[in-house]
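Spelled out, the chains give:
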Amino acid sequence: MGPFAYRSWVEISLKQIAENFRAVRNVVGPDVEVMPVVKADAYRHGAVEVSRALAAAGARWLAVSNVEEGAILRDRGIQTRILVMADFLSAERAGLLEYNLTPVLHSLPDIAEWDRLSAASGGDRRDYHLKIDSGMGRLGTRASAPEILEAIGAAKHAHLEGLMTHFASAANYASTQTDEQLRAFEIICSELARAGVQVPILHLSGSTPVAYGRRGTWKRMVRPGHAVYGYVSQIAKGTAPPRLLEVRPALAWKAAVLAVKDLPAGALVGYGGMHRTAQPARIAVLAAGYADGIPHRLSNKGRVIAKGHWAPIIGAVSMDLTTIDITHCPPLAPGDAVTLLGSEGDVSMDAQQMARVAGTISYSVLCGIHARVKRIYVDE
Ligand SMILES: *Cc1c(COP(=O)(O)O)cnc(C)c1O
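Residues numbered from 1 in each chain as written. Predicted model: local features only at pLDDT ≥ 70, side-chain atom pairs only at ≥ 80, totals over all residues. Heavy atoms only, no water.

1. Considering the site of the ligand
Step number 1: If you check the shell around the ligand, you find V37, K39, Y43, M85, H166, G206, S207, R223, P224, G225, H226 and Y363 and nothing else.
Step number 2: Between the ligand and the protein, one listed contact pairs a nitrogen atom with a side-chain N or O atom of H166 at 3.5 Å.
Step number 3: At 2.9 Å from a nitrogen atom of the ligand is found a side-chain nitrogen or oxygen belonging to R223.
Step number 4: When grouped by side-chain class, the residues that make up the shell around the ligand number 5 nonpolar, 5 polar and 2 charged. (Near = heavy atom within 4 Å. Polar contact = N/O pair within 3.5 Å; in protein donor to acceptor, adjacent residues only side chain to side chain. Nonpolar A, V, L, I, M, F, W, Y, C, P; charged D, E, K, R; others polar.)

Have a look at this one:
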C-alpha cells in the first residue's frame, strides 16, 4: 500500500537519526557515552524502529520514561541497557526486574525499596541510578550527602551505578541556574567520593548543553533526545558560545487533499465562521486535524506547503479536517499530498517554525503527532 492510501502520514529517515546520533558522538568524543532518549515513542518517530537503528549505530544505552516503554523495547528484541527515567510507581516495580530495566530512583526510600526487591529476586546486586534535584525542583532527591551515603550504604543488594541531575534552563545563557545546578551536583559527587563512593556514571545533559559545548556538564554520559531527532533549541536568552552540533530533522509530515473547491468573495470558512474570503478563492480540505496533532492554535494562522508553494490555513483547524487557501498554488486535486512538516523544493517548515506560530514548543509539536498518523520509514 503506497503512502497515498493514507489520510495523513509521517515519513521518517532512520538513516538521518543514525547520522544525528553520530554527530552527537563526534561532538562529545569517545570518552563520553551517548544515551539517546527514546521516550514518548521516540518523540513520535517510533520507539522500536528508532531503537533498533540506534543500537545498530552503536548505542549501548537507551533512555525511556516509564516501565511500559522499556518493556515494549525488550519484547521487540532491544538488548541495550535501558534506563527508566521517570517511573518507580509501585505497580511498575516488578516490571523493572522482569524486563531487565535500570531504574532512576528519586528518593532515599526508593533506594530501600529497590534494595528489598533486589534481595527478593536473588542473583547479583541490581544497578540503579539516583537522581539529584540540584535545583530544578522536579524529580530527584534533595537529601544531603550524609543522608544519601547512609541510604546507599544500607542497600546491600543494590548498586549505585549512576548519579544524575537535569537542568531547568539549559538554553538560557542569561541565567546562572545551570552553573548553580552543576555546582550543587558536583558538591554531592565530591562528598560521596570523599566517603569512598565512586559512582561509575555521572550524567546531566540533554541536547542543549551538548549542542552549545557546555563541556563541564558532559561527565561520563549525555542524554540527547531532541538532537537525535534533528533539532537544537534556540538560545532563549543571553549569548551562547558557537554551536558545535549540526543535525537535521528526520521526520516529514504529510496530509492528503480530500476536496478542492472554489468559494466566492465573502464566503465563511469552517467552525465559527472564523475566516471570510476577501476575494474569490480556491480552497483545499486536508484529511488531518487536531486529532492528528495539528495544533488547534494554527487556526487562521498556520501554513502548509502545497506543490512547493505556501498555502495559508484558513478558518478553524477541526478534529479531522483542516482547510487551506490554494488560490496562489499550482493546481491541486483530491489525493494529492501537502506537507505540514518537511520541505518541497526550497520551501520548508520544521517543528520549531510550526511551534512558534502555534505558541508552543517543538517538543510538543513532535509528541503531539497522533498515533493514527501512519509512519513510513523511507530509507528501509
Ligand atoms: C527528555 C529528557 C532528556 C532529553 O532532553 P532533550 O532536550 O530532548 O535532549 C534528557 N534527560 C531527561 C531526564 C529527560 O527527561
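Further notes follow.
2. Description of the pairing of strand β15 (residues 309-312)
Two faces make up the sheet, and in a regular strand the side chains alternate between them.
Step number 1: With 4 bridges connecting them, strand β14 (residues 303-306) and β15 associate as antiparallel partners. Its bridge partner lying in β15, A306 is registered against H309.
Step number 2: Where β14 folds back on β15, the antiparallel hairpin that results is connected by 2 residues, among which K307 adopts a positive phi of roughly 50 degrees. (Pairing = 2+ DSSP bridges. Helix = DSSP H or I, 4+ residues; strand = E, 2+ residues; numbered from the N terminus.)

3. Structural notes on the domain arrangement of the protein
Step number 1: The domain architecture assigned to the protein consists of domain 1 (14-229) and domain 2 (251-377).
Step number 2: Here the C-alpha centroids of domain 1 and domain 2 sit 38 Å apart.
Step number 3: The interface is formed by 9 residues belonging to domain 1 together with 10 residues belonging to domain 2.
Step number 4: Here domain 1 meets domain 2 over a buried area of about 1000 Å², counting both sides, of which 60% is carbon and sulfur. (Domains from an automatic or database assignment. Contact = heavy atoms within 4.5 Å. Buried area = accessible area lost by both parts, 1.4 Å probe.)

4. Details of the packing of aromatic side chains
Step number 1: Applying the stated rule across the entire model yields 4 aromatic pairs.
Step number 2: The interplanar angle of 70 degrees and the centroid separation of 6.1 Å between the aromatic rings of F88 and W114 together place this pair among those described as edge-to-face. A residue pair is termed long-range when its members are at least 10 positions apart, and F88 in the loop between β4 (81-84) and α5 (93-98) and W114 in helix α6 (residues 108-121) qualify at 26 residues. Across the pair, exposure class does not vary: F88 and W114 are buried alike.
Step number 3: Through a chain of ring-to-ring contacts, three or more aromatic side chains come together here, namely Y43, Y229 and Y363.
Step number 4: Between the NZ or CZ atom of R303 and the centre of the ring of W310, over which it lies, the distance is 3.7 Å. (Phe/Tyr/Trp six-rings, centres within 6.5 Å; stacked < 30°, edge-to-face > 60°. Buried < 20%, exposed > 50% of the residue type's maximum accessible area, 1.4 Å probe, protein only. Lys NZ or Arg CZ within 6 Å of the ring centre and 35° of its normal.)

5. With respect to helix α7 (residues 145-154)
Step number 1: Regarding α7, the residues found buried are A145, I148, A151 and I152. Down the axis, α7 shows its buried residues gathered within 125 degrees of arc, on one side only. Along α7, exposed side chains directed more than 90 degrees from the buried face belong to P146, E150 and A154.
Step number 2: Looking at the buried residues of α7, the elements they touch are α6, β6 (126-131), β7 (158-164) and α8 (177-194). (Arc of directions from axis to C-beta.)

6. Observations concerning the sheet that holds strand β9 (residues 221-222)
Step number 1: Spatially, β2-β9-β8-β7-β6-β5-β4-β3 is the arrangement adopted by the 8 strands of the open sheet, whose pairing is parallel. The open sheet has two free edges, formed respectively by β2 (33-34) and β3 (61-64), since each of these has just one partner strand.
Step number 2: Bridge analysis of β2 against β9 gives 2 bridges, and the strand direction is parallel. Bridging from a neighbouring strand, E33 pairs with M221 of β9.

7. Topic: the pairing of β6
Step number 1: The pairing of strand β5 (residues 102-105) with β6 spans 2 bridges and is parallel. By the bridge assignment for β6, V104 is matched with H129.
Step number 2: Bridge count for β6 against β7 is 6 bridges, and the pairing is parallel. Pairing of Y128 across the sheet is with L160, part of β7.
Step number 3: For the handedness criterion, the β-α-β arrangement of β6, α7 and β7 is classed as right-handed. (Right-handed = clockwise from strand over helix to strand, strands pointing away.)

8. Looking at the packing of α7 against α8
To characterise two packed helices, one gives the angle between the axes of the helices and the distance between these axes.
Step number 1: Direction vectors running N to C along α7 and α8 enclose 55 degrees, while the axes themselves pass 10 Å from each other. The angle between the axes of α7 and α8 places the two elements in the oblique class. Crossing geometry of α7 relative to α8 is assigned as right-handed. Side by side, α7 and α8 meet where A145, P146, I148, L149 and I152 of the first sit next to I188, E191 and L192 of the second.
Step number 2: Residues belonging to the contact of α7 with α8 are distributed by class as follows: 7 nonpolar, no polar and 1 charged. (Axes fitted to C-alpha atoms, helices over the stretch in contact; angles between N-to-C directions. Parallel < 35°, antiparallel > 145°, perpendicular 65-115°, else oblique. Left-handed = near helix turned anticlockwise from the far one by under 90°.)

9. A short note on the pattern of salt bridges
Step number 1: Considering all chains together, one arrives at 15 salt bridges under this definition.
Step number 2: Residues R44 and D41 are paired through a salt bridge, measuring 3.3 Å at the closest nitrogen-oxygen approach.
Step number 3: Relative accessible area serves as the criterion here: at 23%, D41 is assigned to the partly exposed category.
Step number 4: Across the pair D320 and R372 runs a salt bridge whose closest N-O atoms are separated by 2.7 Å. Of this pair, D320 sits in the loop between β15 and β16 (322-325) while R372 sits in the loop between α11 (362-367) and β19 (374-377), placing them 52 residues apart in sequence.
Step number 5: Among the charged side chains, a salt-bridge network with shared partners connects D41, R44 and R375. (Salt bridge = Lys/Arg side-chain N within 4 Å of Asp/Glu carboxyl O.)

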